[in-house]
Amino acid sequence: MQNKESDVELIAQVLAGKQGAYAELIKRHQRYVFTLALRMAKNREDAEEIAQDCFVKAYRSLANFEQKSKFSTWLYRIVFTTAMTYLRKKKLETDSIDEEDTQIQLAGAVSDLAADCVERQSKYVYLNRAIGQLLPDDAAIITLFYQGEQSLEEIGKALQMEQNTVKVKLHRARQRLKVQLESLLKEEVKELI
Amino acid sequence: MKNIEEQMWKYVSGTCSAIEQEELEQLMTHQPEYRALFQEISATHLALMQLELEEPSMSFERNVMEQIKLEPLPSRFPQVDQRIIRGIAGFFALSILSLLVYAFYLTDWTQAALNFKMPEFNWDIHFNKTILSAFLFIDMILGLYFLDYLLRKKWQAK
């Protein structure tokens, strides 16, 4: 991720009327935003819609970004609230999802590479699948902490929670992730037997 | 064990205190089960850190930029609420109506066949110099506000 100043400079350019500078901000953050949206929505089409909506919303309120936090933290807050509203509207089942067709659609499939590569890939596939089976807010916390490069304090700001609440939620999310991983691996072993 | 597990997670993600860190290191050195737990948590932590980000579609950036082109430039000034515009319009409509009523009042109805006479009304009480000045002042403020709105809209459209 680029440093804060660079984001701030781009924002200043956008506010000065250079709309094109926003494209650079999109390029820089689209993968993080999309991953977070996907982890919450569990569906690529919905995630794309949420992510697009977030960038438009962020653009509209760009002048209100007070630079008290990182731009990414501010943006993730928009992603979280937009995704939650979207999920509520769609009345999606937020409990653990077991059906294969509703599982998170992974971008990277296991390819027929060397054995160690396959092993490594499958580890990530299982991990991704386990995250996909978590509740949206658990998935969001895990994603923000491990992939969004956000501290506990920043996650608190993004999710509008106290830092201690985030700590507890993160721990619970990890425990649930472990349970999901174990369950997935058990199923795999059963299939092999 | 659960508490230890929580501390282990904090340890691998570097969020535990120096005292906790030392305690855990002691435990791991002397008890193989904690060492095994640490290795398990450490492996999961590493895998989570190495997870790749998902890619949106190729047209994602273009789609967002197309939507943004339709948006006005972001501004610190809030967009003027439609209710304010309607309020101003209502105020002017009411003013025109009042003037019309006043004009009708001044009309000499006795010349017509109608023998109608408006009831006595002391306009001097209600339309004195102060009221008129205040009325013109409010008009001027509203006019400037509306002019500012129009100019800003025109500037944003460029």
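Engineer: Sorry if this is basic, but what is going on with unusual backbone geometry here?
Structural biologist: Phi is mostly negative for residues that are not glycine, and the peptide bonds are mostly trans. Residue and element names in this part refer to chain A. Although it is not a glycine, K42 sits at a positive phi angle of roughly 65°. Structurally, K42 can be placed in the loop between α2 (21-41) and α3 (44-60). Among the residues examined, K42 registers a relative accessible area of 7% and is labelled buried. For E149, which is not glycine, the phi torsion reads 55° and is therefore positive. Its place among the elements puts E149 in the loop between α6 (136-146) and α7 (152-159). Under the relative-accessibility criterion, E149 is labelled partly exposed at 45%.

Engineer: Would you mind showing me how to read the packing of α2 of chain A against helix α4 (residues 60-69) of chain B here?
Structural biologist: Working note: a packed helix pair is described by the angle between its axes plus the distance between those axes. Orientation of α2 of chain A relative to α4 of chain B, taken along the N-to-C sense of each, is 140°, at an axis distance of 10 Å. Our classification of the angle between α2 of chain A and α4 of chain B gives oblique. In the crossing of α2 of chain A with α4 of chain B, the sense of the turn from one axis to the other is right-handed. In this structure, α2 of chain A contributes Y22, A23, I26, K27 and Q30 of chain A to the contact, and α4 of chain B contributes F60, E61, V64, M65 and I68 of chain B. Split by residue class, the contact of α2 of chain A with α4 of chain B holds 7 nonpolar, 1 polar and 2 charged.

Engineer: Where do I start with the packing of aromatic side chains in this structure?
Structural biologist: Each aromatic ring pair is specified by the distance between its two centres and by the angle formed by the two planes. A complete count under the given rule lists 10 aromatic pairs over all chains for this structure. Ring geometry for F55 of chain A and F60 of chain B: centres 5.8 Å apart, planes at 75°, overall edge-to-face. Of this pair, F55 of chain A sits in helix α3 while F60 of chain B sits in helix α4, which puts the two residues in different chains. Exposure remark for F60 of chain B: the relative accessible area of 0% places this residue in the buried category. A centroid spacing of 5.7 Å and a plane angle of 75° characterise the contact between F65 of chain A and F71 of chain A, whose relative ring orientation is edge-to-face.

Engineer: I'm lost on the confidence of the model for chain A in this one. Help?
Structural biologist: Residue and element names in this part refer to chain A. In this model, chain A carries a mean pLDDT of 81, and residues with pLDDT of at least 70 account for 78%. When mean pLDDT is taken per element in chain A, α3 scores highest with 94 and helix α5 (residues 115-132) scores lowest with 72. Within the model, the stretch residues 96-114 combines pLDDT values under 50 with 35 contacts to residues more than four positions away or in other chains.

Engineer: Help me understand the packing of helix α4 (residues 71-90) of chain A against α6 of chain A, please; the structure alone is not making it clear to me.
Structural biologist: Residue and element names in this part refer to chain A. Interhelical geometry of α4 versus α6 gives an angle of 160° and a closest axis separation of 11 Å. The angle between α4 and α6 falls in the class roughly antiparallel. Crossing of α4 against α6: the hand is right-handed. Taking contact as the criterion, the partners of Y76, F80, M84 and L87 in α4 are, on α6, P136, D137, A140 and L144.

Engineer: What's the story with the side chain of Q147 of chain A in this structure? I'm lost.
Structural biologist: Relative to the elements of secondary structure, Q147 of chain A occurs in the loop between α6 and α7. Owing to a relative accessible area of 7%, Q147 of chain A belongs among the buried residues under this scheme. The residues contacting Q147 of chain A, other than those within four sequence positions of it, are Y32, T35, R39 and I142 of chain A together with L48, L51, E52 and L53 of chain B.

Engineer: Help me out: how do you make sense of α2 of chain A in this one?
Structural biologist: The α-helix advances 3.6 residues per turn, and as a result positions three or four apart in sequence lie on the same side. Residues and elements named next belong to chain A. If you check α2, its first and last C-alpha atoms are 29 Å apart, about what 21 residues at 1.5 Å a residue would give, namely 30 Å. Where α2 bends most, at H29, the angle is about 55°. Summarising burial for α2: 18 of the 21 residues are buried, a large majority. Trailing α2 by a residue or two, K42 shows a phi angle of about 65°, which is positive.

Engineer: Would you mind showing me how to read the interface of chain B and chain A here?
Structural biologist: Interface size, as often reported, equals the accessible area lost upon joining of the parts. Taken together, the contacts link 33 residues of chain B with 44 residues of chain A. For the pair chain B and chain A, the summed buried area comes to about 3900 Å², and 62% of that belongs to carbon and sulfur atoms. Along the contact surface separating chain B from chain A lie 5 salt bridges. Where R60 of chain A meets E71 of chain B, a salt bridge forms, and the shortest distance between an N and an O atom there is 2.9 Å. Run the count over chain B and chain A and you get 13 residue pairs in polar contact (both at pLDDT 80 or more). For the side of chain B that touches chain A, the elements supplying multiple residues, two or more each, are α1 (2-12), α3 (32-50) and α4 of chain B. The greatest single-element share of the side of chain B that touches chain A, amounting to 8 residues, is contributed by α4 of chain B.

The rules behind each value
- Residues numbered from 1 in each chain as written.
- Chains lettered and ligands numbered in written order.
- Predicted model: local features only at pLDDT ≥ 70, side-chain atom pairs only at ≥ 80, totals over all residues.
- Heavy atoms only, no water.
- Helix = DSSP H or I, 4+ residues; strand = E, 2+ residues; numbered from the N terminus.
- Buried < 20%, exposed > 50% of the residue type's maximum accessible area, 1.4 Å probe, protein only.
- Axes fitted to C-alpha atoms, helices over the stretch in contact; angles between N-to-C directions.
- Parallel < 35°, antiparallel > 145°, perpendicular 65-115°, else oblique.
- Left-handed = near helix turned anticlockwise from the far one by under 90°.
- Contact = heavy atoms within 4.5 Å.
- Nonpolar A, V, L, I, M, F, W, Y, C, P; charged D, E, K, R; others polar.
- Phe/Tyr/Trp six-rings, centres within 6.5 Å; stacked < 30°, edge-to-face > 60°.
- pLDDT = per-residue confidence, 0-100.
- Expected span 1.5 Å × (residues − 1).
- Bend = angle between axes of the 7 residues up to and from the residue.
- Buried area = accessible area lost by both parts, 1.4 Å probe.
- Salt bridge = Lys/Arg side-chain N within 4 Å of Asp/Glu carboxyl O.
- Polar contact = N/O pair within 3.5 Å; in protein donor to acceptor, adjacent residues only side chain to side chain.

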